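Structural features, examined
Each chain, written out:
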Amino acid sequence: MKRVSIAIDGPAGAGKSSVAKILARRMGYTYLDTGAMYRAVTWESLRRGITEEKDIVDMAEHLSMTVAPGEERMRVFLGGEEVTDHLRTAEVSAAVSRVSAIPEVRTIMVALQRKLAAEGGTVLDGRDIGTVVLPNADVKIFLTASPRTRALRRYKELGGEKAGLSVDEIEEDIRKRDLLDSTRAASPLVPAADAVHLDNSEMTLEETAEAIMKICREKAGDEA
Ligand code: CDP
Ligand code: CDP
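Nothing here was measured: the structure is a model prediction, and the numbers come from that model. (Residues numbered from 1 in each chain as written. Chains lettered and ligands numbered in written order. Predicted model: local features only at pLDDT ≥ 70, side-chain atom pairs only at ≥ 80, totals over all residues. Heavy atoms only, no water.)

**Brief notes about the site of ligand 2**
Taken together, 17 residues lie near ligand 2, and Gly 13, Lys 16, Ser 17, Ser 18 and Met 203 sit nearest. Taking Lys 16, its side chain carries an N or O atom lying 2.7 Å from an oxygen atom of ligand 2. The contact in question runs from a nitrogen atom of ligand 2 to an N or O atom on the side chain of Asn 200, over 2.9 Å. Considering ligand 2 on its own, with 540 Å² of exposed area, one finds that the protein chains cover 82% of that surface. Of all the cavities here, the one that holds ligand 2 is the largest pocket. Secondary structure elements with two or more residues in the shell around ligand 2: α1 (16-27), α7 (147-157) and α9 (205-223). Grouping the constituent residues of the shell around ligand 2 by class yields five nonpolar, seven polar and five charged. (Near = heavy atom within 4 Å. Polar contact = N/O pair within 3.5 Å; in protein donor to acceptor, adjacent residues only side chain to side chain. Areas by Shrake-Rupley, 256 points an atom, 1.4 Å probe, with all protein chains shown as cover. 1 Å grid on protein atoms, 1.4 Å probe; cavity = no way out; pocket = protein on both sides within 12 Å on 5 of 7 lines; lining within 4 Å. Sits in = over half its atoms within 2 Å of the grid points. Helix = DSSP H or I, 4+ residues; strand = E, 2+ residues; numbered from the N terminus. Nonpolar A, V, L, I, M, F, W, Y, C, P; charged D, E, K, R; others polar.)

Set out below in structure tokens:
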């Protein structure tokens, strides 16, 4: 079967990275988590206490970011130091949309993402994969679920009551981030014109992955 490139875009908690990982494993593809890359830039700016946009851009230009496949998540390294475990904290989640809205930061990240995806056989997930990073991707999915469903998923993922955040608080963060991501000037979160829309509020991860694989098989069959 032809090795296609798969772009999965959508809002926070839609299931993009979980599904992308399943697809990559089953199809023997490489998974690229572009959100983790924006999170790494954000983490580094917080760590260094950099807040001015121009200073964040200057920092991003000089960052040496590399990635590697991991058991649970894609691993991210800055200057050789692994930062993977710092990327999903509430602090980074709250700051990432501001950093990812900076056009120069996006230009740097998109160039790196295209380089990493150049050989094909890749699954990328993010916000602008089908529209900007890989406008010629063979399969484009716009994955969504209701805000409540997405907040409940994140709540569970963070360990329920132990997380110290209520479902309402998580939903509030998710809605804020969705709004910032969809209304920013640079590469906002919008479905590509040729994306297949998939609402998986009522679907398991397994069913979602299966639905996307069916689309990939049809696509590969068409072009075989
Ligand atoms: O997993 P979750 O959906 O919560 O977030 P993520 O995929 O790790 O992305 C974190 C943030 O990075 C998003 O809220 C966007 O602000 C930004 N992002 C982006 O702008 N473009 C991408 N291709 C991926 C992420
Ligand atoms: O990457 P994104 O933010 O779109 O979502 P994710 O991190 O892949 O998924 C958020 C959480 O929802 C994870 O704990 C998934 O296991 C869960 N999930 C689910 O239970 N059922 C689905 N159909 C999709 C995601």
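After presenting the structure, the write-up continues.
**Considerations on the site of ligand 1**
Inspection of the region around ligand 1 gives 19 residues, with Arg 39, Ser 100, Arg 106, Arg 177 and Asp 181 positioned closest. Here an oxygen atom of ligand 1 and a side-chain polar atom of Arg 39 are 2.7 Å apart. Within the side chain of Arg 154, a nitrogen or oxygen atom sits 2.8 Å from an oxygen atom of ligand 1. For ligand 1, whose unbound accessible area comes to 530 Å², protein coverage reaches 98%. Placement of ligand 1 is best described as lying within the largest pocket. Those elements that place two or more of their residues in the shell around ligand 1 are α2 (34-48), α4 (90-100) and α8 (167-183). Broken down by element, the residue count for the shell around ligand 1 peaks at four residues, all from α2. A per-class count over the shell around ligand 1 returns three nonpolar, six polar and ten charged.

**Focus on the layout of surface pockets**
Volume-wise, the largest pocket comes out at about 770 Å³. In terms of lining residues, the largest pocket is bounded by 39 residues, among which Gly 13, Gly 15, Ser 17, Arg 88 and Arg 154 are the most central. At the level of secondary structure, the elements contributing two or more residues to the lining of the largest pocket comprise α1, α2, α4, β6 (122-126), α7 and α8. Element by element, the count of residues in the lining of the largest pocket is highest for α7, at six residues. Residue classes in the lining of the largest pocket are distributed as eight nonpolar, 13 polar and 18 charged. (Points joined across faces, edges and corners; volume = space filled by probe spheres on them.)

**Remarks on empty space enclosed by the protein**
Following the criterion strictly, the structure yields one cavity of 30 Å³ or more and no others. Put simply, the largest cavity is a space of about 50 Å³. What lines the largest cavity is simply Asp 33, Ala 36, Arg 73, Met 74, Thr 84, Leu 87 and Arg 88. Taken together, the residues of the lining of the largest cavity break down into three nonpolar, one polar and three charged.

**Comments concerning the side chain of Asp 33**
As for its placement among the helices and strands, Asp 33 is situated in strand β2 (residues 30-33). One polar contact links the side chain of Asp 33 to the main-chain amide nitrogen of Gly 35, over a distance of 3.2 Å. Here the side chain of Asp 33 touches Ala 36 through a polar contact of 3.1 Å, landing on its backbone nitrogen. Ignoring anything within four residues of it in the chain, the contact list for Asp 33 reads Met 74 and Asp 125. (Contact = heavy atoms within 4.5 Å.)

**Quick word on the pattern of salt bridges**
As enumerated under the stated definition, the model contains 19 salt bridges in all. Among the ionic contacts, a cluster of salt bridges with common partners joins Glu 44, Arg 47, Arg 48 and Glu 81. (Salt bridge = Lys/Arg side-chain N within 4 Å of Asp/Glu carboxyl O.)

**Here's the deal with the sheet that holds β2**
Ordered in space as β2-β6-β1-β7-β8, the five strands form an open sheet in which the pairing is parallel. The open sheet has two edge strands with one neighbour each: β2 and β8 (196-199). Between one strand and the next, the sheet's axes are offset by a mean angle of 20°, whatever the strand orientation. On top of the sheet, α2 reaches β2 and β6; it is set at about 40° to β2, its chief contact. (Pairing = 2+ DSSP bridges. Axes fitted to C-alpha atoms, helices over the stretch in contact; angles between N-to-C directions.)

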